[in-house]
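Remarks on the overall topology
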Amino acid sequence: MLDRVRGRSARWWAGAVAVLCAVAALGLWFGAPPLYHWMSTRQERQGAVSLATYLGLRLAETDTVVYYEHHSSFPDSSAYLVVDSASGAGAREMRRSSGLASCHLADSADFANAPPEYRPAPSPTLMYCESQVVPADGFLRAAWDPAVDHGERTYLWAIEM
């Protein structure tokens, strides 16, 4: 009688372990790729924002990074960010506090690698600023169009050399 109970108990535990292994395998099969994608996307965003911050970018709480690319390589890392501010005044403050100076009308700016929805439309009012960041040996560049949305969207490049 005791052997029968032990036999049933062993089969029950074996069945429970098999079910748990199946559930774990399915969880890894269907859950790991989205989790990996989420983590790598989050790391890329943090890398882009931290590089730009290191080179002088000062984001306010109301600024939103709507697009980012981060290219990490030694020694020339770079990031491209598109930042939406809550207002045109907020965007101007962000550019001013980031040390972007020597602003002028953009004669040419390189947007070739950015997707079309995250690059400014060609415009005669497109502005361009650049800041040489001496301590970090890099550049922070910005472009925006004051005629579109009061200049709330800023296109930023952070290039470390």
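Above this note sits the structure.
Here's a quick rundown of the structure.

What counts and how
Residues numbered from 1 in each chain as written. Predicted model: local features only at pLDDT ≥ 70, side-chain atom pairs only at ≥ 80, totals over all residues. Heavy atoms only, no water. Helix = DSSP H or I, 4+ residues; strand = E, 2+ residues; numbered from the N terminus. Buried < 20%, exposed > 50% of the residue type's maximum accessible area, 1.4 Å probe, protein only. Polar contact = N/O pair within 3.5 Å; in protein donor to acceptor, adjacent residues only side chain to side chain. Disulfide = S-S within 2.5 Å. Salt bridge = Lys/Arg side-chain N within 4 Å of Asp/Glu carboxyl O. Phe/Tyr/Trp six-rings, centres within 6.5 Å; stacked < 30°, edge-to-face > 60°. Lys NZ or Arg CZ within 6 Å of the ring centre and 35° of its normal. Pairing = 2+ DSSP bridges. Core = buried A, V, L, I, M, F, W, Y, C linked by side-chain atoms within 4.5 Å. Arc of directions from axis to C-beta.

Regarding the environment of Glu 69
Considering the arrangement of structural elements, one finds Glu 69 in strand β1 (residues 64–71). Classification of Glu 69 as buried rests on a relative accessible area of 14%. Between the C-alpha atoms of Glu 69 and Val 82, which are 13 residues apart in sequence, the distance is 9.4 Å. Among the polar contacts made by the side chain of Glu 69, one reaches the side chain of Tyr 67 at a distance of 2.4 Å. Reaching out from Glu 69, the side chain makes a polar contact with the side chain of His 71 at a distance of 3.2 Å.

Thoughts on the state of the cysteines
If you walk through the whole model with that rule in mind, you get one disulfide. Two residues, Cys 103 and Cys 129, share a disulfide whose sulfurs are 1.6 Å apart. Its S-S torsion of approximately 110° makes the covalent link between Cys 103 and Cys 129 right-handed. Of the two residues, Cys 103 sits in strand β3 (residues 101–105) while Cys 129 sits in strand β4 (residues 127–133), which places them 26 residues apart along the sequence.

What about the pattern of salt bridges?
Scanning all chains against the criterion turns up three salt bridges. Measuring nitrogen to oxygen at the nearest pair gives 2.8 Å for the salt bridge that ties Arg 153 to Asp 84. Placement of Arg 153 in strand β6 (residues 153–160) and of Asp 84 in strand β2 (residues 78–84) is noted, with a sequence separation of 69 residues between them. Judged by its relative accessible area of 23%, Asp 84 falls in the partly exposed class.

Digging into the packing of aromatic side chains
In the structure shown here, the tally under the stated rule is four aromatic pairs. With centroids separated by 6.1 Å and ring planes inclined at 70°, the aromatic side chains of Tyr 67 and Tyr 80 adopt a geometry described as edge-to-face. Note that Tyr 67 is positioned in strand β1 and Tyr 80 in strand β2, a separation of 13 residues in sequence. On the accessibility criterion, Tyr 67 (15% relative accessible area) is buried. Three or more aromatic residues joined by ring pairs form one cluster here, namely Tyr 67, Tyr 80, Tyr 118, Tyr 128 and Trp 157. The ring of Trp 144 carries the charged tip of Arg 95 above its face, separated from the ring centre by 3.7 Å. Cation over ring: Arg 141 sits above Phe 139, and NZ or CZ is 5.0 Å from the ring centre.

Focus on the pairing of strand β5 (residues 138–144)
Burial of β5 is extensive: six of the seven residues sit out of reach of the surface. Relative to β6, β5 is paired through six bridges, and the arrangement is antiparallel. Following the sheet pairing, Phe 139 is matched in β6 by Ile 159.

A closer look at the nonpolar core
Ranked by internal contacts, the top residues of the largest apolar core, which has 20 residues, are Leu 81, Leu 156 and Ala 158. Those elements that place two or more of their residues in this core are α1 (2–54), β1, β2, β4, β5 and β6. Looking at this core element by element, the count peaks at four residues for α1. Listed in part, the ten residues of the second largest apolar core include Tyr 80, Val 82, Ala 114 and Tyr 128.

Quick look at helix α2 (residues 88–97)
Buried within α2 are the following residues: Gly 88, Ala 91, Met 94 and Arg 95. Seen from one end, α2 has its buried residues packed into an arc of 120°, which puts them on one side. Once α2 ends, the next one or two residues include Gly 99, with phi positive near 80°.

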